Structures are given as structure tokens and as C-alpha cells.
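For reference, the chains in residue letters:
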Amino acid sequence: MTPPLQTRLTDFDEESGDLNLPPEALEFKEVTGEIWKRAVTDDKEWGVCRFDGTVMFTKLQDEKIIVHGLEAKCRWCGDELEIRGEKVFCSGRCRTYQGAFSRDLNKYLQWEGAKSYTLRKEIARKEGLQLEPRDLEPIPKPPEWSIFNEFEELDAEP
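Cut-offs and rules
- Residues numbered from 1 in each chain as written.
- Predicted model: local features only at pLDDT ≥ 70, side-chain atom pairs only at ≥ 80, totals over all residues.
- Heavy atoms only, no water.
- Helix = DSSP H or I, 4+ residues; strand = E, 2+ residues; numbered from the N terminus.
- Buried < 20%, exposed > 50% of the residue type's maximum accessible area, 1.4 Å probe, protein only.
- Contact = heavy atoms within 4.5 Å.
- Areas by Shrake-Rupley, 256 points an atom, 1.4 Å probe, with all protein chains shown as cover.
- Pairing = 2+ DSSP bridges.

Peer 1: What am I meant to see in the overall build of the protein chain here?
Peer 2: Of the regular secondary structure elements, the protein chain holds 5 helices and 7 strands. Counting helices and strands in the order they occur from the N terminus, the protein chain gives α-β-β-β-β-β-β-β-α-α-α-α. The burial tally for the protein chain puts 27% of its 158 residues in the buried class. Contacts spanning at least 24 positions in sequence make up 31% of the contacts within the protein chain whose residues lie at least 6 apart. Of the roughly 12,200 Å² of accessible surface on the protein chain, 52% is carried by carbon and sulfur atoms.

Pasting the structure below:
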């Protein structure tokens, strides 16, 4: 997949202000693909961390927390992190609480790692997680009324 063209200043005609791009650059190309690619692999030990409301799958490697291929560090002093029970603390100078940790991968959905119903279903399917009971309930049908109906009634009054 090729990235979209970024507009350059030289693409503009200084006289008219028009954009001088070839027609094929202006065509809309539908992007299709997976909404979730499998993140958790069987070859490593995995867990779930929640730092300031951000929930992510993390690899555990030699007692280090690896996120997106990089070791997670303390956000205040930059030292290493350590897991104590179900909490993550800085093991360096500041020793502050960083967030929650769980080896139960289902916590990803429980801690709202994904908010979209569709995405939650897809993540559960791809990662082999259990959906929350609220995810198993049918989506309620929206009401038949609209707030705009109230405005129409107000406009009709003399």
C-alpha cells in the first residue's frame, strides 16, 4: 500500500492559488484490510498494562516490560519499571506508581483497551479473549424520535 501524497508548497500556483496535482493523485482509493492484526504470540510471556487510561498488551522479557518492541520506562525519571503483584512501579530514583498490570489477557477488554463494539469483537476473536457480558447483549435499537422533530413543532407554532 502506498502512502498518500503529501501536498508540497511547489504544488500550488502562486498566481491563482490553485493546486497543480495530477488527476490520479486526487482520486479516492478505498482502503481495505484487517481492523486488528494479531498482537499476542505464543512464543513470549504476555500481560496487560494500564498506564493513565491507556491499555496495551505487553511482552515480559527478563522481568522487563516491552511495549511495541521497546522497554517501558518511568515517565518521570526514565528508569526501569518493575511489577509488584498487580501494580507497576518505577524501580529507579522516584519509585512512583505507574499503573496496573495483569497476566490475564482478558483484562484488555475489561479495562476498556478498545471501546468500539466492533473492534472489541474482532480483538476477542483474533486474540482468543472472552467478551464482557455487555458485549454479548444485542445493540439496542435507537429510538424512533429525533430531537429535530421538536424543532419542527416549535417552527409550526404561530
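The structure having been displayed, the exposition proceeds.
Peer 1: Is there a simple way to explain the pairing of strand 1 (residues 45–51) in this structure?
Peer 2: Sheet faces and side chains relate simply in a regular strand, where the side chains alternate between the two faces. Within strand 1, 5 of the 7 residues are buried, which leaves the element mostly enclosed by the surrounding structure. Two elements, strand 1 and strand 2 (residues 54–61), share 7 bridges in a ladder whose sense is antiparallel. What sits directly across from arginine 50, in strand 2, is valine 55. Taken together, strand 1 and the strand that follows it, strand 2, pair antiparallel across an intervening segment of 2 residues, in which aspartate 52 is found at a positive phi of about 50°.

That is the geometry; function is a separate question.
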